[in-house]
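Examining the three-dimensional arrangement
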Amino acid sequence: MKIPKNYNPKEVEQKWQNYWEKNKIYKFDPKSKKKIYSIDTPPPTVSGKMHLGHSFSYSQMDFIARFKRMQGYNLFYPFGTDDNGLATERLIEKEKKVKAKEMSRKDFIKLCLTTLKTLRKEYLRDFKLIGLSCDWDIFYTTINDHCRKISQKSFIDLYKDKRAYRIKSPITICPHCNTAIAQVETEDKDKESTLNYIKAKLETGDYIIYATTRPELLPACVGITLDKNGTYVRAKKDNEIWIISKEAFDRFKDEWKLVKKEEIKGKDIVNKIVTLPITNAKLTLLHDTEAKTEYGSGIVYWCTYGGVECLEYLERHPEIEPIHIMDLSGKHILGPYKGLNSTEARKKVLKDLKDNNALVLMEKIKHTVNVHERCGTDIEYVSTEQWFIKYLDLKNKFLKAGGKLNWHPDYMKHRLYNWIKGLKWDWCISRQRFFGVPFPLWYCKSCGEVILADEKDLPVDPLKNKPKKCKCGSKEFIPEKDVLDTWATSSMTPQIAASLFPKVYDKLYPMSLRPQAHDIITFWLFNTMVKSQLHNNINPWKDVVISGWALDPKGKKMSKSKGNVIEPQEMMGKYSADSLRFWAASTKLGEDSSFQEKELISGQKFSTKLWNASKFSFMHLKEYKPKKPKNLETIDKWILIKLNKIIKDSTKSFENYEYSKTKADVENFFWNTFCDHYLEIIKDRLYNADKRGIKGKKSAQFTLYHSLLAILKLMSPIIPHITEEIYQLYFKKHEKQKSIHISEWPTQFKIVDKKTERIGDEFIQILNKVRKFKTQNKLPLKHEITLTIPNKNKLKDVLEDLKAVTKAKEIKQGKLNIKKL
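Just so it is clear, the model here is predicted, and its values are computed rather than measured.

Cut-offs applied
- In every chain, residue numbers begin from 1 and rise along the written sequence.
- Side-chain atom pairs in this predicted model are given and counted only at pLDDT of 80 or more, local residue features only at pLDDT of at least 70, and totals for whole chains, interfaces and linings cover all residues.
- Just so you know, side-chain values use all the structure's heavy atoms and leave hydrogens and water out.
- For the purposes of this entry, the term helix denotes a DSSP run of H or I that reaches at least four residues, the term strand denotes a run of E that reaches at least two, and both are numbered from the N terminus.
- With the radius of gyration taken over C-alpha atoms, the globule rule is written as 2.2 Å times the number of residues to the power 0.38.
- Any two residues whose heavy atoms approach within 4.5 Å at even a single point are treated as in contact.
- Per-residue and other accessible areas were derived by the Shrake-Rupley procedure at a 1.4 Å probe size, with only the shown protein chains allowed to occlude residues.
- As used throughout, the charge tally considers Lys and Arg to be positive and Asp and Glu to be negative, leaving His and the chain termini uncounted.
- For this purpose, a charge sits on NZ of Lys, CZ of Arg, CG of Asp or CD of Glu.
- Partly exposed residues are those whose accessible area sits between 20% and 50% of the maximum for their type, while under 20% is buried and over 50% is exposed, using a 1.4 Å probe and protein chains only.
- Among buried residues, the Ala, Val, Leu, Ile, Met, Phe, Trp, Tyr and Cys ones that are joined through side-chain atoms within 4.5 Å form a nonpolar core.
- By definition, a salt bridge exists where a carboxyl oxygen of Asp or Glu is found within 4 Å of a side-chain nitrogen of Lys or Arg.
- Residues qualify for a patch when their relative accessible area is over 30% and they have no salt bridge, like charges being joined within 9 Å and the nonpolar side chains of Val, Leu, Ile, Met, Phe, Trp and Tyr within 5 Å.
- DSSP calls a pair of strands paired once it identifies at least 2 bridges connecting them.
- Under this scheme, a helix contributes an axis fitted over its contacting stretch, all axes are lines through C-alpha atoms, and angles between N-to-C directions fall in the 0 to 180 degree range.

What follows is about the overall build of the chain. On a plain count of helices and strands, the chain comes out with 24 helices and 31 strands. Over its C-alpha atoms the chain spans a radius of gyration of 36 Å, topping by over 25% the 28 Å that the globule rule assigns to 821 residues. At a minimum sequence separation of 6, the contacts of the chain that also span at least 24 residues come to 76%. Accessible area of the chain: about 37900 Å², with a carbon and sulfur share of 49%. In the chain, the 149 positive side-chain charges and the 103 negative ones have mean positions that sit 7 Å from each other.

So this is what it looks like as structure tokens:
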């Protein structure tokens, strides 16, 4: 086969991707007796196209998969898409310019399914373009019948185990998305706001001053508290007496022009009646442990529900009845601000307070608020009927389970531990959306009994299907309209994928590996572990590998709004998929990486050098038959000894999921030891066999063949396309495997010779000094010299190679000296 002069990645990469898929190179064989290595592949959310973070983390996962396959494992490496969540709804609304709430549920679901069918094909193409070696025939979507059946059965099992329950309870909601969300779907965000100081009249005629960031919830105020043991000040303000904490008085006395009357203890006014402004509601001033005199005015206002602190207040005071002021849309449903959302109500209430002379101060602050991680909207707490999975009682069990996983890198386990320790609520799994996996149940219209679907009928849609009758005899039912949280389904990915092969299910699950990014440890990893522990009392995998984020060149998170998004498709078009993977391999697991185009340039240069080194090698291996000669030349043995170390270290690195170390070690070996030194040393033996002897040439050919093949194999998990191209051009006819990616991982040569290694190392030291001498004297490397070395006799077996590569006319014994001729 003629070897092209230049390597063309645009043609080659597509060619081999088609070849791999057509020839089922990566197909899982359920009948094979090989040991199975199973990967719980992350199902990406169908979002239009693959982003740079995908290409980064999925490449790192693929390095491991390709290595394990070459180690001889029967690789189970499925691919799925997560397409039943809120992100999918938003995508369809954007693509089709519709609003789900303005359509019938039936029509919107139909639109989602048909649109996804079109989008998914193009979306998958991106993942194939980076060279993922998944078995694309093992494919699932989290909205297909198979996944819905497993997800619904999971719910039924948990309900029967008394782990799934429904209650009316305060829950976090996203007003923008109009749905309940779980604790894991929120994130902290620093925002500017105002701490508002407001007057309320005591039954004594004095005024207390309380401070709040949520004045709009004034109609839902259920408590005013202070610290009964704290010190407060009665101060004169014009014709009024104001009561604030001593700390607040010291801070505001000049600004507010206060005149101190006396100091009192909080207990002196506890149990007095307070009349709120605007609503004129009357509350008893109470003591509460969370009222701190150093914050705000030292007097705290509690409402339903201003935040998690208000929920905790009601837990401490169970006698207090909450006032349900808001619905899932985040709008007030009662009181003077009915129909307004929080932002609108806040503006109105502040104006009203000011008009009523009740607003003392709006103090500018910056504080941390909870927002929905999907859209960035401030979350609210609303009391609604929701389904939950009970698991707070199992926190210690989950901590122990997390500790039994093999974490790579190890420190990432602390993110899981911290999350579990900080859990405050059970898992809310119901969502008020159209598109998702339906709850498999109905409510009896007569007696209210929960009627579960029969497992043999799964998957079901309660809006379309219905049970025969309730045990009370009624045949009228109310279908559950809510759908399951998307994580309730994607947390079953090990079981979803493994159950596609029921005969080997127990060999596939628990799985060998969970690869994923660090930002979803609290989402996907935790929930998958929870489901596996609840259903099977086991961990869902043995090992966990955590990748970092791909950031912009300045180390910032990429976003369209910032205009700093780098498209992987453009980078692959400009360079190649292998170059993009080369960049991904430059970063350790768990580490965020600033995108540096120079790494892709380095990958491109490496491919060019590998191509040229291979062309040179094949030129001298045309008539070669892979057979080890009786004796190898010393320098040939030396590089094989060095290669042994690289193979040993690279294998160990890959087994520890340290692909970046393998990449760095092999890259260094290839550039320096193999190309800069070895190829230059053996040229004379290859070109001048008539003078140097055929044995020396055959020794060089044997070593060249096996060294280059080993380098290709070591790098093939990282740059699969060019290594396949080079393998197919020459090595396939000898190695007989139809792809380098199903060939055996290189093993060490049976050569252990410390004396030979020392001789080779000394040889290289001399060669480097000669090169340095010629460079300093501005001489071409081909310029002849005379060379004097102190250990000529010791190097007698390599003198001919040394003489040839240094262009030494003569080599003498003595103190090291180099003379130009």
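On we go from here.
Take the side chain of K663 next. Locating K663 in the fold gives a position in helix α19 (residues 659-687). Judged by relative accessible area, which is 6%, K663 ranks as buried. Non-local contacts of K663, meaning those with residues more than four positions away in its chain, are made with F582, A585, S586, E599, M715 and I718.

We now examine the nonpolar core. Proteins that are soluble and globular tend to have nonpolar side chains buried together. Within the largest apolar cluster, 193 residues are counted, with the highest numbers of intra-cluster contacts made by F526, L610, F674 and L787. In this structure, L610 is in contact with F670, L708, I711, L712, I719, I722, T723 and I726, ignoring residues within four places of it in sequence.

What follows concerns the pattern of salt bridges. One pass over the full model with this rule turns up 50 salt bridges. Between E667 and K663 there is a salt bridge, and its shortest N-O distance comes to 3.4 Å. Pair noted here: E667 and K663 are both in helix α19, with a separation of four residues, about one helical turn. Here R685 ties to D801 by a salt bridge, and the two come within 3.2 Å at their closest N and O atoms. Residue R685 is found in helix α19, and its partner D801 is found in helix α24 (residues 799-806); the two are separated by 116 residues along the sequence. Grouping residues by exposure puts R685 and D801 together as buried. Look at the salt bridges and you will find they share partners, linking D636, D684, R685, R692 and D801 into a network.

Where like charges cluster on the molecular surface, the negative patch consists of E290, E309, E312 and E315. Along the polypeptide, E290 turns up in the loop between β14 (282-287) and β15 (300-303).

Counting buried positions along helix α16 (residues 577-584) yields eight of eight residues, so the element is predominantly enclosed. Residues of α16 that are buried: A577, D578, S579, L580, R581, F582, W583 and A584.

Ordered in space as β22-β21-β23, the three strands form an open sheet in which the pairing is antiparallel. Of all the strands in the sheet, the pair left with one neighbour each is β22 (450-452) and β23 (477-479). Sheet twist, expressed as the mean angle between neighbouring strand axes with direction ignored, is 35 degrees. With three bridges joining them, strand β21 (residues 441-444) and β22 adopt antiparallel strand pairing. Paired with W442 across the two strands is I451, which belongs to β22. Against the sheet, helix α5 (residues 145-160) touches β21 and β22, its axis set at about 130 degrees to β22.

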